[in-house]
Amino acid sequence: MSLSSAKLAEFSRALQLLSEKSKRMTEWICRVKTASARIAEVELDIEASITAQCDDLIGLVQDQKHRLLQSLHCFKDHKLQEVRDNATECTSTLQQATAQIQFGIEVLKETEAVNFLQFSAPLHMRIAETSLALEQQLKQPWSPELSVRFDSRPLLHMLQNLQLQQVVPPSTPRLNIEDCRIVNGHITLSWASQDQQNTDFYILEIAESGNPFTTAYHGPDTCCSLNFASHNMIYQARLKAVNIAGESPYSNIATLHVEGGYFTWDTSKASSEVIVGNEGLTLTSSASEDLVVLGTSGFVQGVHYWEVHVDRYDNHPDPAFGIATASVKRDSMLGKDSNAWALYIDMNRSWCIHSNKHVNRQDGGISAGCVVGLLLDLDERTLSFYVNDEPQAPIPAFDNLPQGLVFYPAVSINRNVQVTLRPCLDPPSPTSSPA
């Protein structure tokens, strides 16, 4: 009984497997039939494309024919004018020769030796000059032919070799991660393909922090710039190439740490004597000593530029502008400890300061209305300073900034200074250090 049951179960499984495969075959046949109908549609599309492209070629040939005939007409007019000018010049010379011949005949008739000698010498010289002119004009090459030709053989060869090409999906493109550029939260991506001629367009997809990929770019270019709504986020990018035959496999995945969006002064950990206004952009203090305030955004990569406008400057203080880590000391001048890199400046001169080491003394100070610019390039690990768009201190003032740290925009001021932040600006053009 158990053997019969086992055979029955085995037979039932075989029937079920056959039924599943039959179902799949039925679905496959439906797809094939649907594809067969699609083949006819595709043929019509390609036929329309061939007709349109051939019509364009015919139109272009007609246009070129008209242009070539116009050019030929211009060559002909130029040749005719050249002939007329040459004939006029030769006629003038011939008239001179005729006149000299007639006058020479009259001179030969002169019986008085004195008169003959008086006229013959200068006339002989003029006759020689005219004869030389006639000889030179007779030697000039002349032909009724126009020195232009039209050769359609290369075009005919190309037309005779036109044929349908079998198209295959493009090969896998590659994202150039090393060329990725991040500036104030704007990312420029580029890519390359060894199959560029076989690619109609590219699709760039972006995913935010583990979310599904969505299309960020669709087009034929090999680079694009992206503006991200969310900053201080991890994004991933991937790319595929597309033509009428299908899609390539996805490229390598680029991981993008997008940071540096709009930021303000962060007073959450600052002294209570710090006063912030203008929606977090304007900063002053009621304290007589220097107090440090950081920005709300920190940076670990990319290029970032911001400016600080000096609204008020009284009693010759030494405000400091720079970058710092979150652990910076908040109750002394920026740069006094090892967690900040800064430029402190008065009305006459400035110094760079880090770990309380003062270097790069530079003449030129600030006053109310001045603008201090800071360029943080974490691709090159450098920090540079500008005052009123001019370099202040060497460019860069600091290099070899430590890897793996988060750097925040920072400033230290006292009650004699008021400043206003201008975040997320375009970096200045490369320039040399001040003399």
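Residues numbered from 1 in each chain as written. Predicted model: local features only at pLDDT ≥ 70, side-chain atom pairs only at ≥ 80, totals over all residues. Heavy atoms only, no water.

Draft legend 1. Representation of the overall build of the protein within the structure. Helix and strand counts for the protein stand at three helices and 23 strands. A compact globule built from 435 residues should have a C-alpha radius of gyration of about 22 Å, whereas the protein, at 43 Å, is more than 25% larger. Across its three principal axes, the protein shows a C-alpha extent of roughly 135 × 105 × 35 Å. In the protein, buried positions account for 34% of the 435 residues. Considering only residue pairs separated by 6 or more positions, the protein has 64% of its internal contacts joining residues 24 or more positions apart. On the protein, the mean spot of the 33 positive side-chain charges and the mean spot of the 50 negative ones are 8 Å from each other. (Helix = DSSP H or I, 4+ residues; strand = E, 2+ residues; numbered from the N terminus. Rg over C-alpha atoms; globule rule 2.2 N^0.38 Å. Buried < 20%, exposed > 50% of the residue type's maximum accessible area, 1.4 Å probe, protein only. Contact = heavy atoms within 4.5 Å. Lys, Arg positive; Asp, Glu negative; His and termini not counted. Charge placed at Lys NZ, Arg CZ, Asp CG, Glu CD.)

Draft legend 2. Representation of the packing of aromatic side chains. For the structure shown, the criterion picks out nine aromatic pairs. Centroid distance Tyr305 to Tyr386: 6.3 Å. Interplanar angle 80 degrees. Geometry classified as edge-to-face. Remark: Tyr386 occurs in strand β20 (residues 382–387) and Tyr305 occurs in strand β14 (residues 303–313); sequence separation between them is 81 residues. Connected via pairs of aromatic rings, a cluster forms that spans Trp191, Tyr202 and Tyr217. The ring of Phe213 has Arg238 lying over it, and the distance from NZ or CZ to the ring centre is 4.0 Å. (Phe/Tyr/Trp six-rings, centres within 6.5 Å; stacked < 30°, edge-to-face > 60°. Lys NZ or Arg CZ within 6 Å of the ring centre and 35° of its normal.)

Draft legend 3. Looking closely at the environment of Cys180. Relative to the helices and strands, Cys180 resides in the loop between β1 (174–175) and β2 (181–183). Separated by 157 residues in sequence, Cys180 and Asp337 place their C-alpha atoms 34 Å apart. Setting aside its immediate chain neighbours within four residues, Cys180 contacts Ile187, Thr188, Leu189 and Leu256.

Draft legend 4. Representation of the pattern of salt bridges within the structure. If you walk through the whole model with that rule in mind, you get ten salt bridges. Note that Glu205 and Arg238 form a salt bridge whose closest N and O atoms lie 2.8 Å from each other. Linking Glu205 in strand β4 (residues 201–208) with Arg238 in strand β7 (residues 233–243), this pair joins segments that are 33 residues apart in sequence. As a salt-bridge pair, Asp346 and Arg349 come within 3.8 Å of each other at their nearest N and O atoms. Relative accessible area serves as the criterion here: at 12%, Asp346 is assigned to the buried category. (Salt bridge = Lys/Arg side-chain N within 4 Å of Asp/Glu carboxyl O.)

Draft legend 5. Focus on the sheet that holds strand β18 (residues 357–363). The strand order across the open sheet formed by seven strands is β10-β13-β22-β15-β16-β17-β18, and the pairing between neighbours is antiparallel. The sheet terminates laterally at β10 (265–266) and β18, the two strands that pair on one side only. Both β10 and strand β13 (residues 291–295) contribute to a ladder of two bridges, which runs antiparallel. Looking across to β13, one finds that Asp266 is bridged to Leu294. (Pairing = 2+ DSSP bridges.)

Draft legend 6. Representation of the nonpolar core. Counting residues in each nonpolar core, the largest one holds 39 residues, and the members touching the most others are Trp306, Phe321, Leu376 and Leu401. Elements that contribute at least two residues to this core include exactly β13, β14, β15 (320–324), β16 (340–345), β19 (371–377), β20, β22 (408–413) and β23 (417–422). Top contributing element to this core by residue count: β14, with four residues. Counting residues in each nonpolar core, the second largest holds 17 residues, with Tyr202, Cys224, Ala237 and Leu239 among its members. (Core = buried A, V, L, I, M, F, W, Y, C linked by side-chain atoms within 4.5 Å.)

Draft legend 7. Up close: the environment of Lys336. With respect to the helices and strands, the residue Lys336 is situated in the loop between β15 and β16. Separated by 21 residues in the primary sequence, Lys336 and Lys357 have C-alpha atoms spaced 7.7 Å apart. Residues in contact with Lys336, not counting those within four places in the same chain, are Ile353, Ser355 and Asn356.

Draft legend 8. Examining the environment of Ile187 more closely. Here Ile187 shows up in strand β3 (residues 186–192). Here Ile187 falls in the buried class, since its relative accessible area comes to 0%.

Draft legend 9. Focus on the pairing of β23. The sheet contact formed by strand β12 (residues 282–285) and β23 spans two bridges and is antiparallel. Across the sheet, residue Thr282 finds its bridge partner in β23, namely Thr420. As paired strands, β14 and β23 are joined by six bridges and run antiparallel to one another. Paired with Arg312 across the two strands is Gln418, which belongs to β23.

Draft legend 10. View of the side chain of Lys79. Positionally, Lys79 belongs in helix α1 (residues 2–108). Residue class for Lys79 comes out buried when judged on its relative accessible area of 17%. Once residues within four sequence positions are removed from consideration, Lys79 is found in contact with Ser143, Glu145 and Leu146.

Draft legend 11. Spatial organisation of the state of the cysteines. Considering all chains together, one arrives at zero disulfides under this definition. Left unpaired, Cys223 is separated from the closest cysteine sulfur, that of Cys224, by 7.2 Å. What makes Cys223 partly exposed here is its relative accessible area of 43%. Distance from the sulfur of Cys370, which forms no disulfide, to the nearest cysteine sulfur (Cys352) is 17 Å. (Disulfide = S-S within 2.5 Å.)

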